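Analysis of the macromolecular model
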Amino acid sequence: MTLPVRRRHGSLLERPFHAFGWGEPVAAEFDELFERMNRLLEGAAAAAPAAMAWSPAADMRETDDAYVIEAELPGIKRDDIDIEMGARELRITGEYKEQEREGVLRRSTRRSGRFEYAALLPADVRSEEVHATLCDGMLTVTVPKAQATKPRHIEIAES
């Protein structure tokens, strides 16, 4: 058994809702909201650089002696990667250049262009002793801890 359906003229968004204080149709409210959002996004896109940077997948782990950052950068050459170390901030930047291809590219899911990874390290580090290796598309940056931040075992004396 089917129940009767009560039909009203116009969709739900086209009806005014006086109970909510909306005298004009709800669709007009949403249209205005979407117009404001479009203007906001267009303004943000104009202020951003043309080629926005992407961030590579990376892990940061802590050992007793250092912080180790491993970033996946497959196919990127060593000369296309820059590593900068501040007081506590590590920044990895570079560019993945598109390969020249023959024919028409029909579909691509690879990232290209500028990339940037930044990590704020939780403690003082020895920035002059940072070293990095690139092997099989995995960039490994080792940042040694300052002597004071290394964990040390403290014995409890008997009283």
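In case you missed it, the structure is sitting above this.
Below: a short report on this structure. Since the model is a prediction, treat every value here as computed from it, not as a measurement.

1. What to know about the sheet that holds strand β5 (residues 81-85)
- Judged by pairing direction, the sheet is antiparallel, and its three strands sit side by side in the order β5-β6-β7 without closing on themselves. If you trace the sheet from one side to the other, it starts and ends with β5 and β7 (113-120), each paired once. Within the sheet, the average angular offset between the axes of one strand and its neighbour, ignoring direction, is 10°.
- Direction of pairing for β5 relative to strand β6 (residues 89-96): antiparallel, over a ladder of five bridges. Looking across to β6, one finds that Glu 84 is bridged to Arg 91.

2. Re the pairing of β6
- Where β6 lies against β7, eight bridges are found, and the strand directions are antiparallel. Counted as the bridge partner of Thr 93 is Glu 116 from β7.

3. Description of the side chain of Thr 93
- Structurally, Thr 93 is set in strand β6.
- Thr 93 sits in the buried class, given a relative accessible area of 13%.
- Once residues within four sequence positions are removed from consideration, Thr 93 is found in contact with Asp 80, Ile 81, Asp 82, Arg 114, Phe 115 and Glu 116.

4. So, the packing of aromatic side chains
- Under the criterion given, the structure shown has one aromatic pair.
- Their ring planes at 45° and their centres at 5.5 Å tell us that Trp 54 and Phe 115 sit as a pair that is tilted. On the criterion of sequence distance, the pair formed by Trp 54 in the loop between α1 (26-47) and β3 (58-62) and Phe 115 in strand β7 is long-range, its members being 61 residues apart.
- For Trp 54, a relative accessible area of 17% gives the class buried.
- Across from the ring centre of Tyr 67, 5.3 Å away, lies the NZ or CZ of Lys 145, which sits over that ring.

The rules behind each value
Residue indices begin from 1 for each chain and proceed along its sequence in written order. Given that the model is predicted, a residue must reach a pLDDT of at least 70 before its local features are reported, and side-chain atom pairs must reach 80 or more before they are shown or counted; all residues, however, enter totals for whole chains, interfaces and linings. Based on all heavy atoms of the structure, the side-chain values leave hydrogens and waters out of the count. Any two strands with at least two DSSP bridges between them are considered paired. The numbering of helices and of strands both runs from the N terminus, where a helix is a DSSP run of H or I of at least 4 residues and a strand a run of E of at least 2. Inter-axis angles, ranging from 0 to 180 degrees, are taken between N-to-C directions of lines fitted to C-alpha atoms, where helices are fitted over the stretch in contact. Here's how the labels work: a residue is buried when its accessible area is under 20% of the maximum for its type, exposed when over 50%, partly exposed in between, all with a 1.4 Å probe on protein chains only. Any two residues whose heavy atoms approach within 4.5 Å at even a single point are treated as in contact. The rule is short: rings of Phe, Tyr and Trp, with Trp giving its six-membered ring, pair when the centres are within 6.5 Å, and they are stacked under 30 degrees, edge-to-face over 60, tilted in between. Working rule: Lys NZ or Arg CZ, within 6 Å of ring centre, within 35 degrees of ring normal, means a charge sits over the ring.

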